[in-house]
Amino acid sequence: MIVCPQSMEHPRGSRCQRLQGQVVKMSSSEPERPQFLFVKALASRGRLEAVTQQMGYHPQYLDSFLKTQHYLLHMDGPLPFDCRHYIAIMAAARHRCRYLVNLHVLQFLRAGGDPQWLRGLDFIPPKLRNLSEINKILAHRPWLVTKEHIEKLLKISEWSWSLAELVHAVVLLAHCHALASFVFGCGCEQEEGPGGRGTLKPLSPGNQCFCEAASGNGCTQELLRIGRKRSLDSCMELDSLRERIQRIHLEAEGREETRLLQQDREEDLVGEVTGATNLACYMQDPDFGYQDFARRDEDQTQVFRVQDYSWEDHGFSLVNRLYSDIGHLLDEKFRMVDGLQSSAMAKRQGCEPSVFKRGIWNYIHCMFGIRYDDYDYAEVNHLLERMLKVYIKTVTCYPEKTNPEMFDRFWKQFKHSEKVHVNLLILEARMQAELLYALQAITQYMVS
């Protein structure tokens, strides 16, 4: 039994709260419930991040997202664990996303990473530093990635990358770039307190939320077990029970105090490292940013045509061959966001849900120079209001310029969950666009 809210529609940025008198039964047959996913996220991280809370409005997608992210960062793969988190730091820094930088700095240190690396790119191995160029291009102008960039990283030398390592790194970069868009788009960056430290912290045992009540807390589980005893036959047994409960409480408080002290020490270190740090130290050419794919005063840039290279026919098989199973996880995530219900949003525009979502997806890909020959792009102006288009372009191309007012202004008739849905479409469309360019360049290198 866990305590949970009756509705997931809370104001933007709201925290996981303790609710009274609302109890539902959780079973393993209902893994899609957001409470179950929150419990898993809390158990693995020790905290419930704002990103997880926002994605919880769409629990099926959240389940897919958490599986993919866990696989990328914590399961067997070509890259060492500390390098994975440092690559995530480099990617998040491109958009000055302190929220993600702080999370991965903490995980980098927990993975045994060298604290000296956190002083910037000048203090990391050349092999990692060589990734800066493709990180920069993928984050802002992915259409500029060429097979020459791939060849430079794979060339035989002391610091060369293997194909499997590079694919792992590219997926991580694209994942974190796109996640930065979601963080800014949903206002998760505003959850950061002064000095860049997150304000979402685990609650104490005396103020548990529904997530912690089911997270295996020794005190809670033991009390529940004791509560299932039929009765007590004597005062002696009652006194013994009281002493036992008191001892359990003291032990649990001691464990919690130790855990919180350890967490505070870790977060103090993160604050020291990132609080006063200019994130530009993790970037090469920090002024490099997005430019419109085809500017009117320039020659037409080569358009990426999906019928020539698509995720389904080309990217999926390549990435899955070089980094086992990640293709299946990514494909599930792309399909999951496409399958989310959006009937209310589409109804307001007088169209079918699939038409509305495809309009958003194709508009995002169009900004990165990816075109679908079977799509009439005049539909975009018909489907998407001007304020929504401005919001989508900002969150997609330069998310660090997004502000809370933009989130509140765009489509005031949207429910919060619908706005999160738009941001999930941005996340996945952007990630797929970056992957298409990177994987195409790798393919060209392999066949040349």
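Residues numbered from 1 in each chain as written. Predicted model: local features only at pLDDT ≥ 70, side-chain atom pairs only at ≥ 80, totals over all residues. Heavy atoms only, no water.

As annotated in an unreviewed UniProt entry, the protein chain carries the name Sestrin-3 isoform X3 and is attributed to Apteryx mantelli. According to its UniProt record, the protein chain has this under Catalytic activity (unreviewed entry): "a hydroperoxide + L-cysteinyl-[protein] = S-hydroxy-L-cysteinyl-[protein] + an alcohol". (UniProt positions renumbered as here; feature names shortened; annotations may be inferred.)

### Description of the packing of helix 7 (residues 132–140) against helix 9 (residues 163–185)
Interhelical geometry of helix 7 versus helix 9 gives an angle of 40° and a closest axis separation of 10 Å. As far as their axial angle goes, helix 9 and helix 7 are oblique. Read as a crossing pair, helix 7 and helix 9 show a hand that is right-handed. Here helix 7 contributes Ile134, Asn135, Leu138 and Ala139 to the contact with helix 9, which in turn contributes Val170, Leu173 and His177. Of the residues assigned to the contact of helix 7 with helix 9, the class counts are 5 nonpolar, 2 polar and no charged. (Axes fitted to C-alpha atoms, helices over the stretch in contact; angles between N-to-C directions. Helix = DSSP H or I, 4+ residues; strand = E, 2+ residues; numbered from the N terminus. Parallel < 35°, antiparallel > 145°, perpendicular 65-115°, else oblique. Left-handed = near helix turned anticlockwise from the far one by under 90°. Contact = heavy atoms within 4.5 Å. Nonpolar A, V, L, I, M, F, W, Y, C, P; charged D, E, K, R; others polar.)

### Points about the state of the cysteines
Enumeration according to the criterion identifies 0 disulfides in this entry. No disulfide involves Cys176; its sulfur sits 9.2 Å from the nearest other cysteine sulfur, which is in Cys97. (Disulfide = S-S within 2.5 Å.)

### A closer look at the packing of aromatic side chains
Think of a pair of aromatic rings as described by two things: how far the centres are apart, and how the planes are tilted against each other in angle. A full pass over the atoms with the stated rule returns 16 aromatic pairs. Here the aromatic rings of Trp143 and Phe368 are separated by 6.5 Å at their centres, their planes lie at 45°, and the arrangement is tilted. You can see Trp143 sitting in the loop between helix 7 and helix 8 (147–154) and its partner Phe368 sitting in the loop between helix 16 (353–367) and strand 4 (370–371), a full 225 residues away along the chain. Both residues of the pair, Trp143 and Phe368, belong to the buried class. One aromatic cluster is present, formed by Trp143, Tyr290, Phe293, Phe368 and Tyr398 through successive ring pairs. The residue whose ring lies beneath Lys136 is Phe288, and the NZ or CZ to ring-centre distance is 4.7 Å. Sitting over the ring of Phe288, Arg141 keeps its end group 3.9 Å from the ring centre. (Phe/Tyr/Trp six-rings, centres within 6.5 Å; stacked < 30°, edge-to-face > 60°. Buried < 20%, exposed > 50% of the residue type's maximum accessible area, 1.4 Å probe, protein only. Lys NZ or Arg CZ within 6 Å of the ring centre and 35° of its normal.)

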